[in-house]
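# Analysis of the macromolecular model
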Amino acid sequence: MPQREPSETRILTVAGEHLRKFGLKRFTVVAVAEEAGMTHANVYRYFPSKGALIDAVVDVWLKATERRLADVADGPDPADDKLERLILALAKANRDLLTEEPHLFAALSLAVAKRHAISRRNRTRVRALFERVVDEGMATGVFEPRDRDRAIAFVIDATNRFIHPASLALEADVPQASVDTRLSTLIRVILRVLGSGIV
């Protein structure tokens with residue numbers, strides 16, 4: 001990954017602070033440029049539009065989350081343990097974003113709903129991590145699905161309810177303990193399905 005120029009890094013840092021503080025409606029390139037100590041024209045040298053700048057801020061969070069997920073996928077644990085931890089980590093990251101940084105969550109939700117490039121790339125990379133863990137489980141005999149691609153699709157479809165921003169927003173007021181119990185039950189079902197050759 002190419003290293004960012006100092007000015008670009010400064011813009012992203014300030015933009016992240018502004019987005020978290022003011023939200024999408026009050027976020028302006030002019031205000032970001034002013035606090036960053038440059039003209040708004042200079043901001044547009046790096047980010048062609050307000051939307052592109054907001055997406056870049058969201059992408060910083062997405063990539064940091066992906067790195068944490070990759071650490072799980074690359075770990076020494078058995079594949080079934082890694083799959084459980086991967087699902088839990090992704091669900092927690094998105095749920096924490098909703099509760100702790102609602103403005104950034106709103107920007108992520110918009111990117112997902114509008115199928116922005118950052119969202120599509122993130123989906124592809126996260127899916128690749130799930131594929132890697134399922135493949136490892138198949139190679140070690142922990143998972144015995146009849147069809148690899150159907151098994152991966154099953155995992156992603158089953159967990160979508162606990163990961164997709166729109167679903168999380170709809171049940172934002174549901175107690176965390178209830179969510180945790182339901183997700184734990186789902187994970188047990190997923191592991192049983194993958195280990196029994198149902199799909």
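Residues numbered from 1 in each chain as written. Predicted model: local features only at pLDDT ≥ 70, side-chain atom pairs only at ≥ 80, totals over all residues. Heavy atoms only, no water.

### Focus: the nonpolar core
Definition in use: Nonpolar cores are built from buried Ala, Val, Leu, Ile, Met, Phe, Trp, Tyr and Cys residues. Side-chain atoms within 4.5 Å join them into one set. For each residue, the accessible area found with a 1.4 Å probe, counting protein chains only, is set against the maximum for its type, and the residue is called buried under 20%, exposed over 50%, and partly exposed in between. In this description a helix means any DSSP run of H or I spanning at least four residues, a strand means any run of E spanning at least two, and both kinds are numbered starting from the N terminus. It only takes one pair of heavy atoms within 4.5 Å for two residues to be counted as in contact.
Judged by nonpolar contacts, the single largest core of 31 residues is most densely connected at Ile 11, Val 43, Phe 47 and Leu 53. Contributions of two or more residues to this core are made by α1 (6–26), α2 (29–36), α3 (40–46), α4 (50–73), α5 (79–100) and α6 (102–113). If sequence neighbours within four positions are ignored, Leu 53 has contacts with Ile 11, Leu 12, Ala 15, Phe 27, Val 29, Val 32, Val 43 and Phe 47. In this structure, Leu 69, Val 72, Val 174 and Leu 186 belong to the second largest nonpolar core, which totals 29 residues.

### Overview of unusual backbone geometry
The phi dihedral of Arg 115 is positive, around 55°, even though this residue is not glycine. Mapped onto the elements, Arg 115 comes out in the loop between α6 and α7 (117–140).

### Details of the environment of Val 126
Within the secondary structure layout, Val 126 lies in helix α7. C-alpha of Val 126 to C-alpha of Thr 65: the two residues are 61 residues apart in sequence and 9.6 Å apart in space. Ignoring sequence-local partners within four residues, the contact set of Val 126 consists of Glu 66, Leu 69 and Leu 90.

### Comments concerning the side chain of Glu 8
As for its placement among the helices and strands, Glu 8 is situated in helix α1. Once you skip the residues sitting within four places of it in the chain, Glu 8 turns out to touch Tyr 46 and Phe 47.

### Here's the deal with the UniProt feature "DNA-binding region" (unreviewed entry) in the protein chain
We count it as follows: UniProt positions are given in the numbering used here, feature names are shortened, and annotations may be inferred rather than shown by experiment.
Sequence positions flagged by UniProt for "DNA-binding region" (unreviewed entry) are, in local numbering, residues 28–47. Helix makes up 75% of residues 28–47 and strand 0%. Its end C-alpha atoms lie 13 Å apart.

### A look at helix α10 (residues 176–196)
Applicable threshold: Every helix has an expected span of 1.5 Å times one less than the residues it contains. Directions are taken from the helix axis to each C-beta atom, and the arc is the one they span.
In this model α10 runs 30 Å from its N-terminal to its C-terminal C-alpha over 21 residues, within 8% of the 30 Å that 1.5 Å per residue would give. Buried within α10 we find Val 179, Leu 183, Leu 186, Ile 187, Ile 190, Val 193 and Leu 194. Along the long axis of α10, the arc covered by the buried residues comes to 130°, so they all point the same way. Away from its buried face, by an angle of more than 90 degrees, α10 presents the exposed residues Ala 177 and Arg 192.

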